[in-house]
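Examining the three-dimensional arrangement
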Amino acid sequence: MTTTRGRIDKRQAILEGAFTVFAREGYAQACVQSIAREAGVAKPTVYNHMTDKATLFRHALEAAARGILEQRIAALEPLAATGDDLRGTLEEVAHTLLRLHTDGRSCALRRLLYSEVTHFPDILDIVRESGPDRLNQALADRLARLALAGRLRAADPDLAAEQFLALLLGPLEARTQLGTRQLEDVELRTMAVAAVDAFVRAWGGQ
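Let us look at the structure shown here. (Residues numbered from 1 in each chain as written. Predicted model: local features only at pLDDT ≥ 70, side-chain atom pairs only at ≥ 80, totals over all residues. Heavy atoms only, no water.)

1. A word on empty space enclosed by the protein
The tally for this structure, following the rule as stated, stands at 1 cavity of 30 Å³ or more. The computed volume of the largest cavity comes to approximately 40 Å³. In terms of lining, the largest cavity is formed by R72, L97, H101, L135, L165, L168 and L169. Sorting the residues of the lining of the largest cavity by element identifies α5 (86–101) and α9 (157–175) as the ones contributing at least two each. It is α9 that contributes the most residues to the lining of the largest cavity, 3 residues altogether. (1 Å grid on protein atoms, 1.4 Å probe; cavity = no way out; pocket = protein on both sides within 12 Å on 5 of 7 lines; lining within 4 Å. Points joined across faces, edges and corners; volume = space filled by probe spheres on them. Helix = DSSP H or I, 4+ residues; strand = E, 2+ residues; numbered from the N terminus.)

2. As for the packing of helix α6 (residues 104–116) against helix α7 (residues 122–129)
Following both chains from N to C, one finds α6 and α7 inclined at 155°, their axes separated by 9 Å at the closest point. Taken together, the axis directions place α6 and α7 in an arrangement best described as roughly antiparallel. Read as a crossing pair, α6 and α7 show a hand that is left-handed. Residues L109, L112, L113 and E116 of α6 form the contact with α7, whose participating residues are I123, L124 and V127. Partitioned by chemical class, the residues of the contact of α6 with α7 number 6 nonpolar, no polar and 1 charged. (Axes fitted to C-alpha atoms, helices over the stretch in contact; angles between N-to-C directions. Parallel < 35°, antiparallel > 145°, perpendicular 65-115°, else oblique. Left-handed = near helix turned anticlockwise from the far one by under 90°. Contact = heavy atoms within 4.5 Å. Nonpolar A, V, L, I, M, F, W, Y, C, P; charged D, E, K, R; others polar.)

3. Here we look at the packing of helix α4 (residues 53–75) against α5
Between α4 and α5, whose axes approach to 9 Å, the crossing angle comes to 165°. The orientation of α4 relative to α5 falls into the category roughly antiparallel. Crossing hand, α4 versus α5: right-handed. Judged by residue contacts, Q71, R72 and A75 of α4 engage V93, T96, L97, L100 and H101 from α5. Of the residues in the contact of α4 with α5, the class split is 4 nonpolar, 3 polar and 1 charged.

4. Details of α6
In an α-helix there are 3.6 residues to a turn, and that puts residues three or four apart on one side. Taking 1.5 Å as the rise per residue, α6 with 13 residues should run 18 Å; its terminal C-alpha atoms sit 18 Å apart, in good agreement. Every buried residue of α6 is listed here: S106, C107, A108, L109, R110, L112, L113 and E116. (Expected span 1.5 Å × (residues − 1). Buried < 20%, exposed > 50% of the residue type's maximum accessible area, 1.4 Å probe, protein only.)

5. Examining the layout of surface pockets
Its boundaries defined by the atoms lining it, the largest pocket holds a volume of some 560 Å³. What lines the largest pocket is a set of 23 residues, among which R72, H101, R110, P132 and L169 lie closest to the centre. The set of elements that each furnish at least two residues to the lining of the largest pocket consists of α4, α6, α7, α8 (132–148) and α9. In terms of residue class, the lining of the largest pocket is built from 13 nonpolar, 5 polar and 5 charged. One number sums up the size of the second largest pocket: a volume of about 190 Å³. Around the second largest pocket sit R11, Q12, L15, E16, F19, H59, A60, E62, A63, A64, R66 and R105, which together line it. Counting residues per element, the ones that place at least two in the lining of the second largest pocket are α1 (2–29) and α4.

6. So, the packing of aromatic side chains
The full count for this structure, using the stated rule, is 7 aromatic pairs. Summarising the aromatic geometry, the rings of F22 and Y27 are spaced 5.7 Å apart at their centres and angled 25° between planes, so their arrangement reads as stacked. Like Y27, F22 is buried. Geometrically, the ring pair formed by F164 and F199 is edge-to-face, given 5.1 Å between the ring centres and 80° between the ring planes. Of this pair, F164 sits in helix α9 while F199 sits in helix α10 (residues 185–203); the two residues are 35 residues apart in sequence, bridging distant segments of the chain. Taken individually, F164 and F199 each receive the classification buried, so the pair is uniform in this respect. Taken together, the aromatic side chains of F22, Y27, F57 and F120 make up a single cluster linked through ring pairs. (Phe/Tyr/Trp six-rings, centres within 6.5 Å; stacked < 30°, edge-to-face > 60°.)

7. Concerning the environment of M50
Within the fold, M50 resides in the loop between α3 (43–49) and α4. As for M50 and L61, which are separated by 11 residues in sequence, their C-alpha atoms are 14 Å apart. Residues within four places of M50 in sequence aside, it is in contact with R11, L15, T55, L56 and H59.

The analysis is restricted to geometry; functional conclusions fall outside its scope.
Here it is as structure tokens:
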């Protein structure tokens with residue numbers, strides 16, 4: 001058990017170190033020696049866990065996307081018990097999702113996608129399956145429960161979830177200039193309120 005635990009811990013350290021180095025230096029400039037140093041392991045240990053740099057890159061992005069997804073799904077938790085203030089709860093969730101989308105790790109992941117997707121076309125599917133697709137499914141599930149309770153008119157929860165996220169993230173890409181400009185929290189709150197207002201107008205219960 002201790003040996004297995006140690007191997008898992010080293011793998012996680014390698015993936016974390018790899019993401020840090022790839023985000024800082026880009027794929028082409030990153031070297032396995034730098035990744036090993038960042039992870040606190042020997043260079044051969046990296047190759048024991050990952051066969052080559054390309055494989056390591058794919059796994060590092062997948063692991064980062066999964067970690068980001070866990071945070072975003074946790075941000076949906078208030079929708080499980082909205083109380084009387086559905087709009088306020090939606091605004092809280094929207095604001096949290098915007099903050100998570102603009103944190104350093106999320107921006108680094110998007111920059112790596114934009115810069116390397118032509119060389120690694122499969123990473124778009126890898127990241128989407130570990131991130132946006134599952135977030136949309138989780139949000140759709142919570143919106144469906146609100147519809148069953150008569151709080152929303154979500155005849156199509158998947159579409160409602162897709163539109164909620166589009167109202168949030170569509171304007172964000174332009175305002176942050178593809179993640180290169182940091183937004184003040186007050187601007188994120190304003191965006192959250194505007195997105196929820198449009199969403200409630202379209203999907204609000206009768």
